[in-house]
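# Results of the structural survey
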Amino acid sequence: MPRRPMMAANWKMNKTVTEAQNYTAALLPRAADAEGVDVAVFVPFTCLHEVGRMAENSAVIAGAQNFYYEDSGAFTGEISAPMLKDVLARAVLVGHSERREIFGETDTLVAHKTKRALDAGLLPVVCVGETKEERDAGGMWEKVSTQVGRVLEEIGEVGGEGIVFAYEPIWAIGTGDTATPDDAQDAIGRIRELLREERGGEFADGARVLYGGSVKPANVAEIMGQNDVDGALVGGASLEVDSFVQLVEAAEPPSSDGE
Ligand code: 13P
């Protein structure tokens, strides 16, 4: 079975509840028409209940952008996995580079969160990627393999279909400076090899690995055309529903075109 592609919107710190309602209402029928592709929207906590409710029993997966791995208690300002489930989230971003770089999330924290998401029945989308300085110094793979490896150490026995990785080189995020399709394939192909070495072929063939970083309608086809790229995690170009729908349509497997 080929992996099912995924097109994921990361709204980051954008949209009021009203804006989220309008977007979701426009997206739902268009996502329902998309064949063979998972459509996910990662929205601010304040919109999540509404988007989760609207997307319940639909083709759209509502997700959060972050959470904390304890279930409850004295963790002021944090949101737990049971709270996300309560508002009908089905997925969660873990370790986005903005969480790591601006809010100091470590590989160990990211690994714990990933384990907790899996145990709670949330689909984790684990983000990894290197800075420009690290890439220029030849350190891309050391950074990315350490990030992925730490997660694999922590998560215990799970099937590959239950986890998604997103390779998001930090220098390509929000800069308009997309990785070339070859760079994306190179990093994502190496991630898949690492999954194969550490977890075996079934896991590596089941786990999806997305690319993120300045994906837009003009460049999505060549990125999706790479062997190991299973979809995209999109910031800026996901904020307008028309542009996001174009990306979803580009992720549909060729066999379902025009049917
Ligand atoms: P942009 O698509 O705005 O570059 O953001 C990518 C990203 O960080 C998605 O998580």
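That block above? That's the structure.
Residues numbered from 1 in each chain as written. Predicted model: local features only at pLDDT ≥ 70, side-chain atom pairs only at ≥ 80, totals over all residues. Heavy atoms only, no water.

Once that is clear, we can look at the overall build of the protein chain. When its secondary structure is counted, the protein chain shows 11 helices and eight strands. Here the protein chain has a C-alpha radius of gyration of 17 Å; the compact-globule value for 259 residues is 18 Å, and the two agree. Residues counted as buried form 54% of the 259 residues belonging to the protein chain. For the protein chain, the proportion of contacts with a sequence separation of at least 24, taken over those separated by at least 6, is 73%. Working note: accessible area of the protein chain is about 11300 Å², and carbon and sulfur atoms make up 49% of it. (Helix = DSSP H or I, 4+ residues; strand = E, 2+ residues; numbered from the N terminus. Rg over C-alpha atoms; globule rule 2.2 N^0.38 Å. Buried < 20%, exposed > 50% of the residue type's maximum accessible area, 1.4 Å probe, protein only. Contact = heavy atoms within 4.5 Å. Areas by Shrake-Rupley, 256 points an atom, 1.4 Å probe, with all protein chains shown as cover.)

With that out of the way, let us pick up the nonpolar core. By size, the foremost hydrophobic cluster in this structure holds 72 residues, and its most contacted members are Met7, Leu27, Val41, Leu195, Tyr211 and Phe244. By residue number, the principal contributor to this core is helix α8 (residues 181-199), which donates six residues. Residues in contact with Val41, not counting those within four places in the same chain, are Ala9, Trp11, Tyr23, Leu27, Val51, Val60, Ile61, Ala62, Gly63 and Phe244. Formed by 14 residues, the second largest nonpolar core is a distinct cluster that contains Ile61, Leu123, Val125 and Leu210. (Core = buried A, V, L, I, M, F, W, Y, C linked by side-chain atoms within 4.5 Å.)

This structure, assessed with the given rule, holds four aromatic pairs. Ring plane angle 45 degrees and centroid distance 5.1 Å describe the contact between Tyr68 and Phe75, whose orientation is recorded as tilted. On the basis of relative accessible area, Tyr68 is assigned to the buried category, the value being 18%. Residue classification places Phe75 among the partly exposed positions, given a relative accessible area of 33%. Through successive ring pairs, a cluster of aromatic residues spans Tyr68, Tyr69 and Phe75. One cation-aromatic arrangement involves Lys15 over Trp11; the distance from NZ or CZ to the ring centre is 5.4 Å. A cation over an aromatic ring shows up here: Arg199 above the ring of Phe203, its NZ or CZ 5.7 Å from the ring centre. (Phe/Tyr/Trp six-rings, centres within 6.5 Å; stacked < 30°, edge-to-face > 60°. Lys NZ or Arg CZ within 6 Å of the ring centre and 35° of its normal.)

Strand order around the closed barrel formed by eight strands is β1-β2-β3-β4-β5-β6-β7-β8, with parallel pairing between neighbours. Across the sheet, the mean angle from the axis of one strand to that of its neighbour is 25 degrees, orientation sign disregarded. Against the sheet, helix α2 (residues 45-55) contacts β2 (38-43) and β3 (60-64), and its axis sits at roughly 160 degrees relative to β3. Running at roughly 160 degrees to strand β5 (residues 123-128), helix α5 (residues 107-120) makes contact with β4 (91-94) and β5 of the sheet. (Pairing = 2+ DSSP bridges. Axes fitted to C-alpha atoms, helices over the stretch in contact; angles between N-to-C directions.)

Our focus in this paragraph is the pairing of strand β6 (residues 164-167). The side chains of a regular strand alternate between both faces of the sheet. Side-chain alternation along β6 places Val164 and Ala166 on one buried face and Phe165 and Tyr167 on a second face that is also buried. When β6 meets strand β7 (residues 208-212), the two strands line up parallel, connected through four bridges. Pairing of Val164 across the sheet is with Arg208, part of β7.

In this section: helix α1 (residues 17-33). With 17 residues, α1 ought to run about 24 Å at 1.5 Å a step, and its terminal C-alpha atoms sit 25 Å apart, in line with that. The sharpest bend along α1 comes to roughly 30 degrees, located at Leu27, with the proline Pro29 sitting one to four residues further on. Within the span of α1, buried status applies to Ala20, Tyr23, Thr24, Leu27, Leu28 and Ala31. Residues of α1 that are buried sit in contact with β1 (6-10), β2, α2, β3 and α11 (241-250). (Expected span 1.5 Å × (residues − 1). Bend = angle between axes of the 7 residues up to and from the residue.)

A separate point is the site of the ligand. Among the 13 residues in the neighbourhood of the ligand, the closest are listed as Lys12, His96, Gly174, Ser214 and Gly236. Taking Gly174, its main chain carries an N or O atom lying 2.6 Å from an oxygen atom of the ligand. If the ligand stood free it would expose 310 Å²; the protein chains cover 95% of that surface. Broken down by class, the residue content of the shell around the ligand amounts to four nonpolar, seven polar and two charged. (Near = heavy atom within 4 Å. Polar contact = N/O pair within 3.5 Å; in protein donor to acceptor, adjacent residues only side chain to side chain. Nonpolar A, V, L, I, M, F, W, Y, C, P; charged D, E, K, R; others polar.)

Looking now at the side chain of Thr24. Locating Thr24 in the fold gives a position in helix α1. The class of Thr24 is buried, set by a relative accessible area of 2%. Beyond its immediate stretch of four places on either side in the chain, Thr24 contacts Trp11, Val51 and Met54.

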